[in-house]
Amino acid sequence: IGRMADRIGEITATLRNFSRRATSRPAPVAIEDAVDGALSLLAGRIRDSGVTIERARSTDGPIVIASRIRLEQILVNLLQNALDAVKGRADGRIELSIASDRETILIRVSDNGSGVAPEVAETLFMPFVTTKETGLGLGLVISSEIARELGGALTLEAHGGQGATFVLELKRAADPATDMGEITS
């Protein structure tokens with residue numbers, strides 16, 4: 001019991017450090033740069049997995065006011081979950097797309113894994129809910145909280161069939177035609 005309590009303390013301290021708010025001030029961040037950063041952080045795992053990453057680049061270069069590190073945290077978590085979902089599939093595929101209008105930016109991370117069961121989908125963003133053998137069930141909870149801090153939301157997009165799609169919705173920093181401010185990269 002003592003060793004278990006010590007282990008729980010270690011896990012809690014690690015999670016607390018991971019979920020701490022970033023100390024950097026929010027600044028304009030190009031979404032494509034944040035996606036590039038997340039993919040770069042996971043490049044080795046992606047290469048080793050043999051998974052195909054299909055990425056549709058945004059044509060208008062959407063910008064949000066955020067901490068790039070926090071935004072990349074969300075994207076890394078979503079990509080890691082997608083990699084886990086397609087693990088072992090010969091045709092493993094992850095699709096990344098960005099859609100935007102004058103006010104909103106949607107980043108979709110889709111995979112062709114086994115999908116999310118309806119009973120799991122209902123509790124997916126609750127702490128300690130996981131379908132992974134060694135997962136803690138906190139990645140999506142932390143990512144969802146970061147999205148809220150950034151003025152957005154993280155959701156599971158319902159669709160029948162195979163795979164899962166997570167959608168990160170963020171508010172555009174400004175109209176790209178009128179805002180050519182400095183971008184944090």
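Our subject is the structure listed above.
Presented here is an overview of the structure given in this document. (Residues numbered from 1 in each chain as written. Predicted model: local features only at pLDDT ≥ 70, side-chain atom pairs only at ≥ 80, totals over all residues. Heavy atoms only, no water.)

## As for the overall build of the protein chain
Short version of the rule: By the criteria applied, helices consist of DSSP H or I runs no shorter than four residues and strands consist of E runs no shorter than two, each listed in order from the N terminus. When a residue's accessible area, from a 1.4 Å probe over protein chains only, is under 20% of the maximum for its type it is buried; when over 50% it is exposed; and in between it is partly exposed. Contacts between residues were defined by any pair of non-hydrogen atoms, one from each residue, lying within 4.5 Å. Exposure was quantified through the Shrake-Rupley algorithm and a 1.4 Å probe, taking into account, for residues, occlusion by the shown protein chains and nothing else.
Along the backbone of the protein chain there are six helices and seven strands. Start at the N end of the protein chain and walk to the C end: the helices and strands fall as α-β-α-α-β-β-α-β-β-α-α-β-β. A total of 185 residues make up the protein chain; the buried ones form 37% of that total. Contacts in the protein chain between residues at least 24 apart in sequence constitute 72% of all its contacts with a sequence separation of at least 6. Surface accessibility of the protein chain: about 10800 Å² in total, with carbon and sulfur atoms responsible for 53%.

## Here we look at the packing of helix α4 (residues 68-85) against helix α6 (residues 139-149)
What counts is decided by this rule: Note on geometry: axes are lines fitted to C-alpha atoms, helical ones only across the stretch in contact, with angles between N-to-C directions running from 0 to 180 degrees. By the definition used in this description, the sense in which the near helix is turned from the far one sets the handedness, with an anticlockwise turn below a right angle giving left-handed and a clockwise turn giving right-handed. Just so you know the grouping, Ala, Val, Leu, Ile, Met, Phe, Trp, Tyr, Cys and Pro go in nonpolar, Asp, Glu, Lys and Arg go in charged, and all remaining residues, Gly too, go in polar.
Contact pair α4 / α6: the axes reach a minimum separation of 9 Å and the direction vectors enclose 145°. Taken as a pair, α4 and α6 cross one another with a handedness that is left-handed. Side by side, α4 and α6 meet where Arg70, Gln73, Ile74, Asn77, Leu78 and Asn81 of the first sit next to Gly139, Leu140, Ser143, Ile146, Ala147 and Glu149 of the second. The residue inventory of the contact of α4 with α6, partitioned by class, reads five nonpolar, five polar and two charged.

## Some details on the side chain of Glu32
Structurally, Glu32 can be placed in helix α2 (residues 31-41). Glu32 sits in the buried class, given a relative accessible area of 10%. Apart from residues no more than four positions distant in its own chain, Glu32 is found in contact with Arg55, Arg57, Ser58 and Ile98.

## Some words on the environment of Ile63
Mapped onto the fold, Ile63 is located in strand β3 (residues 63-66). The spacing of Ile63 and Ile105 is 42 residues in sequence and 8.5 Å in space, taken between C-alpha atoms.

## A short note on the pattern of salt bridges
Rules: Any carboxyl oxygen of Asp or Glu within 4 Å of a side-chain nitrogen of Lys or Arg constitutes a salt bridge here.
The full count for this structure, using the stated rule, is twelve salt bridges. Residue Asp36 is joined to Arg57 by a salt bridge in which the shortest nitrogen-to-oxygen separation is 3.3 Å. Of this pair, Asp36 sits in helix α2 while Arg57 sits in the loop between β2 (52-56) and β3, and the two are 21 residues apart along the sequence. Here Arg93 and Glu54 are joined by a salt bridge, their closest N and O atoms 3.8 Å apart. Of this pair, Arg93 sits in strand β4 (residues 93-100) while Glu54 is found in strand β2, placing the two residues 39 residues apart along the sequence. What makes Glu54 partly exposed here is its relative accessible area of 36%. Several salt bridges share partner residues, and in doing so they unite Glu32, Asp36, Arg55 and Arg57 into one network.

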